[in-house]
Each structure stands twice: as C-alpha cells, then as structure tokens.
Amino acid sequence: MEDQKIYIVGAGIAGLIAALELEKAGFCPIILEATEKEGGRMKTDAQEGFLMDHGFQVLNTAYPEAKKYLDFQALNLKTFDPGAVIFDGKDSFIITDPMRNPLKVVSMAFSKVGTFLDKVKMFTLTQELKKKSNEEIFNSPSIPTHQYLKNFGFSDLIIDNFFKPFFRGIFLEKHLNTSSRMFEFVFKMFALGHAAIPEKGMGEIPKMIRRQLSKTQIYFNSPVREIQGNVIELENGDKLEADRIIIAVQPDRVMKQLQGQFASPRQVINLYFSLQKSLLARPMIGLLTGDRLVNNIVFMDDVSKAYAENGRSLLSVTVLESKLGEKELIKAVQDELEEISGVKSEYFKFVKAFPIAYALPHVDDLKYAIPFTECKITDQVYLAGDYLLNASINAGMTSGRIAAEAVIHSYMPTH
Ligand SMILES: Cc1cc2nc3c(=O)[nH]c(=O)nc-3n(C[C@H](O)[C@H](O)[C@H](O)COP(=O)(O)OP(=O)(O)OC[C@H]3O[C@@H](n4cnc5c(N)ncnc54)[C@H](O)[C@@H]3O)c2cc1C
C-alpha cells in the first residue's frame with residue numbers, strides 16, 4: 001500500500017479528510033495544492049493585530065462529520081448567541097433563538113419580525129426537522145426556499161425581516177432560490193447546534209486535520225494544469241504518473257473535457273473595518289433588512305477576542321452583489337453602516353476586502369451523501385469536494401471520506 005502513488009488534487013477540507021482516511025488504511029498519499037497554504041476556502045489571515053477569515057463563515061457544532069473529525073475543545077470554539085440583531089434602517093432589535101426556542105422569544109421583539117402564527121410555525125418546523133434524518137431531508141422534494149416558506153404558511157413579514165437576510169447570508173444569493181433541502185438541513189443544524197468559530201479563526205479547522213496527517217506529503221504552490229488518464233500535468237510542465245487520483249476540486253479546473261459543464265458559482269465580497277469598540281458588545285450576527293448592499297455584519301471580537309488583539313474592534317461585512325469598484329464600494333458600505341447605526345461613516349476604518357469569486361458551488365441536485373461507487377470516474381480517477389453534495393463544511397468532509405473509501409475499495413481482492 002505504501003508504495004502506491006495516490007495523488008490528491010487540492011488541500012481543502014475534502015482533500016485533507018481524504019488523505020486522513022487513506023492514511024488510516026495504510027496508504028501514504030501525496031497532495032498537490034495550488035496555493036501556499038492548506039484550507040482552500042477556509043483560510044484566516046493575520047494582519048495588523050487582526051485575524052481575518054477569507055469570507056465570513058461559521059462551523060455548526062451539530063455537523064455530524066465535524067463532530068467526528070474535529071476536537072471542538074482544542075479548537076476552543078467560540079459560539080454565537082443564537083438569533084440575530086435586526087437592523088431595519090430605522091431601528092435595531094434582537095431576536096433571540098427563533099430556530100430553537102421560538103415560543104420563548106419575547107413577543108414584543110418578535111412582533112417586529114413576525115406574527116404570532118409565525119412563532120407557532122417556527123416551533124412546528126423546528127420539531128418536524130429535529131425528527132427528520134439528514135438523509136430524509138436530502139431525499140425530500142426540492143423546491144426553491146422562497147416557495148417552501150410560503151407553502152409552510154410563513155407571513156411576508158417574517159420572510160422579509162428574518163428568513164431573507166439570514167438565509168441570503170448562508171446561501172449567498174438574494175432570492176432564496178436555493179433548494180428547500182438545503183434550507184431544511186441548515187435550519188435543523190441551527191435548531192440542534194450552535195454557530196461557532198475557532199478562537200483563532202476558521203483556518204484552524206483545516207490546520208487541525210493537517211496536524212493529524214503523518215504519512216501524507218503535501219506539495220504547496222503546485223497547481224495542476226490537466227489530468228489525462230492517470231497522468232497529472234502540473235502548471236510547470238512536470239508530469240506525474242499516478243496509481244489513483246482523487247480530484248478534490250471542481251473537476252472542470254483540471255479536466256478540459258468538463259469545461260462549461262458546471263453552473264457559475266456563488267460569489268461574495270467580505271470587507272473588514274476596524275472601530276474603537278463594538279457597537280453590539282454581544283456575540284451575535286447582525287442582519288440588514290430591505291434591499292441593501294450589506295447583507296450581514298459581525299463584530300468578530302465579540303465572538304472571539306483573539307480576532308482583534310490591538311485594542312480595536314473588527315467588523316466583518318458581507319456584501320452579496322456589487323458592480324462598484326473597491327473604493328466606491330468601501331464608501332457605499334461605510335455610508336450604509338452610518339445609516340443603520342448612527343455612527344459617522346469615517347469611524348469605520350477600512351482594513352481589507354476579500355472578493356471571493358468561487359465562494360459556493362451551484363449544486364442542482366443536492367445530496368447529503370452518495371454511495372462511494374458514484375465518485376469514481378475511471379478505475380484511476382475519483383472525485384471529492386462539496387460541489388458533489390451540498391455547499392457546506394460538512395459536505396466537504398463527507399465527500400473526502402467517501403472518495404477515500406472508494407479508493408480503498410478499489411484495492412480489495414474481490415474487486
Ligand atoms: C465566504 C464563504 C462562506 C461560507 N460559509 C459557510 C458556512 O457558514 N458554513 C459552512 O458549512 N460552509 C460555508 N462555506 C463553504 C465551505 O467553506 C466549503 O464548503 C468547504 O470549505 C469546501 O471544501 P472543499 O475542500 O470541497 O473545497 P475547497 O476549499 O475549494 O478546496 C479546493 C482546494 O483545491 C485547490 N486547487 C484548486 N485548483 C487547483 C489546481 N488546479 N491544482 C491544485 N490545487 C487546486 C484550492 O487552492 C483549494 O485549496 C463558505 C464558503 C465561503 C467561501
């Protein structure tokens with residue numbers, strides 16, 4: 001097994017988990033990674049005393065695969081308070097725990113985002129989804145989320161003031177066209193678990209997996225140009241012959257024949273601003289209602305102090321769509337922040353922007369998992385990555401594990 005040349009393309013969470021599972025079975029895989037660091041879409045930069053994730057994202061503590069592969073205590077996970085602070089332009093108010101304990105949400109506060117019937121419906125949905133397995137959720141009929149919410153009987157008030165800003169920030173699309181399967185899965189995860197970030201940033205998650213690897217070689221700055229049969233051609237022209245290949249990146253990037261076969265991914269722009277102090281002083285996500293540039297905001301140091309160790313506060317701002325150049329965008333965001341908070345725009349000091357062209361894959365037929373036979377393209381080539389299942393850390397991990405199982409199975413004597 002040790003002499004088998006098993007290459008994995010991509011050191012994102014899917015590629016790293018595939019390597020971990022292959023090691024457990026006695027293999028010594030080799031990862032080829034285009035960038036200088038592991039983690040793919042989960043990376044954190046340290047700069048000017050701030051920690052900045054490449055795009056605002058959270059780990060849900062109820063993710064089954066995350067529970068399996070991560071040591072939450074060692075990550076020193078910092079959890080968000082469930083619920084959200086809603087900014088409607090005129091006012092701001094807190095909705096605590098609408099997806100776990102909707103009936104306990106103070107009626108006065110809830111009345112601004114929904115009706116009493118919405119509260120009861122939230123409760124019913126929470127109970128229903130807690131009983132539904134993840135497999136059942138992903139085998140349910142798929143309709144656009146906006147339609148699902150209507151069909152379930154939610155009022156326009158709660159759809160506009162809570163569901164839209166909350167799920168736009170997760171699906172990274174404005175109209176909630178994403179499948180109801182993903183909605184049910186995410187809702188269930190929030191009903192069971194907490195949104196959390198590792199104390200020192202999301203990049204700690206892939207780092208933790210990498211530390212568990214002892215027999216895997218990782219070659220950084222080694223982009224793959226093309227895969228043909230069992231031959232991998234690197235951008236520098238080197239050719240590598242493989243016994244098995246796991247492509248842990250959307251495969252059209254390395255297989256010319258698949259180019260144009262995948263729908264455009266979801267994009268996002270994440271901007272960081274620093275302030276003297278947090279305006280919320282509470283580990284909560286802030287949601288902006290209406291048709292604004294900014295979808296959601298979080299004062300990262302309210303969640304984990306380590307995100308700002310220079311005596312300032314770090315504000316993460318998520319913008320879903322904008323055609324503005326960087327300068328104009330920064331100004332427009334600062335103006336919106338002033339509008340919703342009353343704090344003068346110049347107090348929001350711009351730190352850095354992360355325009356992310358490939359944030360989430362567009363997956364038509366969302367799945368929780370697939371049989372390992374389905375990730376095999378040829379006897380030598382196997383697929384992994386969130387795009388195979390659904391856009392989440394949990395799916396990235398699942399897909400890596402399944403691809404490794406398929407490779408391991410291909411060496412079994414009965415095969
Ligand atoms: C802004 C944002 C917010 C998100 N929010 C959440 C959230 O709140 N919760 C959640 O669960 N998920 C969230 N996600 C999704 C989650 O981050 C991904 O599902 C997960 O990281 C996917 O991992 P992956 O290994 O499949 O892919 P990737 O992380 O994309 O890994 C692919 C790897 O392959 C490398 N690569 C690419 N091309 C080549 C090549 N030619 N040769 C060699 N290497 C190559 C890349 O550099 C990368 O390291 C978010 C993602 C983003 C960007």
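Placed above this text is the structure.
This section reports on the structure supplied with the text. (Residues numbered from 1 in each chain as written. Predicted model: local features only at pLDDT ≥ 70, side-chain atom pairs only at ≥ 80, totals over all residues. Heavy atoms only, no water.)

### Describing the pairing of strand E3 (residues 44-47)
So, step 1. Of the strand pairs in this sheet, E3 and strand E4 (residues 50-53) are connected by 4 bridges, and their pairing is antiparallel. Its bridge partner lying in E4, aspartate 45 is registered against methionine 52.
So, step 2. Counted along the chain from E3 to the antiparallel partner E4, the turn is 2 residues long, and its residue glutamate 48 has a positive phi close to 55°. (Pairing = 2+ DSSP bridges. Helix = DSSP H or I, 4+ residues; strand = E, 2+ residues; numbered from the N terminus.)

### Section: the nonpolar core
Nonpolar side chains tend toward joint burial in soluble globular proteins.
So, step 1. The biggest cluster of nonpolar side chains holds 121 residues, and the ones touching the most others in it are Phe163 and Phe167.
So, step 2. Setting aside chain neighbours within four positions, we find phenylalanine 163 in contact with Met122, Leu149, Phe154, Ile158, Arg168, Leu176, Phe183 and Phe187.
So, step 3. In this structure, Val85, Phe87, Val317 and Leu337 belong to the second largest nonpolar core, which totals 21 residues. (Core = buried A, V, L, I, M, F, W, Y, C linked by side-chain atoms within 4.5 Å. Buried < 20%, exposed > 50% of the residue type's maximum accessible area, 1.4 Å probe, protein only. Contact = heavy atoms within 4.5 Å.)

### Section: helix H5 (residues 116-131)
So, step 1. Spanning 16 residues, H5 covers 23 Å between terminal C-alpha atoms, matching the ideal 22 Å at 1.5 Å per step.
So, step 2. The complete set of buried residues in H5 reads Asp118, Lys119, Met122, Leu125, Thr126 and Leu129. The buried residues of H5 occupy an angular sector of 125° when the element is viewed end-on, so they sit on one face. Exposed residues lying more than 90 degrees from the buried face of H5 are Phe116, Leu117 and Lys131. (Expected span 1.5 Å × (residues − 1). Arc of directions from axis to C-beta.)

### Quick word on the layout of surface pockets
So, step 1. Of the volumes computed, that of the second largest pocket is approximately 330 Å³.
So, step 2. As for the second largest pocket, its lining consists of 18 residues, and the residues nearest its centre are Phe262, His362, Val363, Tyr387 and Leu388.
So, step 3. Residues of the lining of the second largest pocket, tallied by class, amount to 11 nonpolar, 3 polar and 4 charged. (1 Å grid on protein atoms, 1.4 Å probe; cavity = no way out; pocket = protein on both sides within 12 Å on 5 of 7 lines; lining within 4 Å. Points joined across faces, edges and corners; volume = space filled by probe spheres on them. Nonpolar A, V, L, I, M, F, W, Y, C, P; charged D, E, K, R; others polar.)

### Comments concerning the site of the ligand
So, step 1. The local shell around the ligand holds 33 residues, among which Glu33, Arg41, Tyr63, Asp386 and Ile393 are the closest.
So, step 2. In this structure, an oxygen atom belonging to the ligand sits 3.1 Å away from a main-chain N or O atom of isoleucine 13.
So, step 3. Between glycine 40 and the ligand, the recorded distance is 3.5 Å, taken from a backbone N or O atom to an oxygen atom.
So, step 4. For the ligand, whose accessible area on its own is 1000 Å², the fraction buried by protein is 91%. (Near = heavy atom within 4 Å. Polar contact = N/O pair within 3.5 Å; in protein donor to acceptor, adjacent residues only side chain to side chain. Areas by Shrake-Rupley, 256 points an atom, 1.4 Å probe, with all protein chains shown as cover.)

### Points about the pattern of salt bridges
So, step 1. Overall, the coordinates contain 23 salt bridges when judged by the stated rule.
So, step 2. Among the salt bridges present, the one from lysine 150 reaches aspartate 156, with a minimum N-O distance of 2.5 Å.
So, step 3. Note on lysine 150: relative accessible area 46%, which makes it partly exposed.
So, step 4. You can call aspartate 156 partly exposed: its relative accessible area is 44%.
So, step 5. Across the salt bridge formed by glutamate 405 and arginine 401, the nearest N and O atoms sit 3.1 Å from each other. Separated by 4 residues within a single helix, glutamate 405 and arginine 401 lie in helix H13 (residues 393-410), roughly one turn from each other.
So, step 6. We classify glutamate 405 as partly exposed; its relative accessible area is 33%.
So, step 7. For arginine 401, a relative accessible area of 16% gives the class buried.
So, step 8. A single salt-bridge network, built from bridges that share partners, covers Glu65, Lys68, Arg401 and Glu405. (Salt bridge = Lys/Arg side-chain N within 4 Å of Asp/Glu carboxyl O.)

### Observations regarding the sheet that holds strand E10 (residues 217-219)
So, step 1. Spatially, E10-E2-E1-E14-E20 is the arrangement adopted by the 5 strands of the open sheet, whose pairing is parallel. The strands lining the two open edges of the sheet, one partner per strand, are E10 and strand E20 (381-383). Neighbouring strand axes in the sheet, compared pairwise and without regard to direction, differ in orientation by 20° on average.
So, step 2. Strand direction decides the pairing type here: strand E1 (residues 6-9) and strand E2 (residues 30-32), joined by 3 bridges, are parallel. Along E2, the bridge assignment pairs isoleucine 8 with isoleucine 31.
So, step 3. Against the sheet, helix H1 (residues 13-24) touches E1, E2, E10 and strand E14 (244-247), its axis set at about 160° to E1. (Axes fitted to C-alpha atoms, helices over the stretch in contact; angles between N-to-C directions.)

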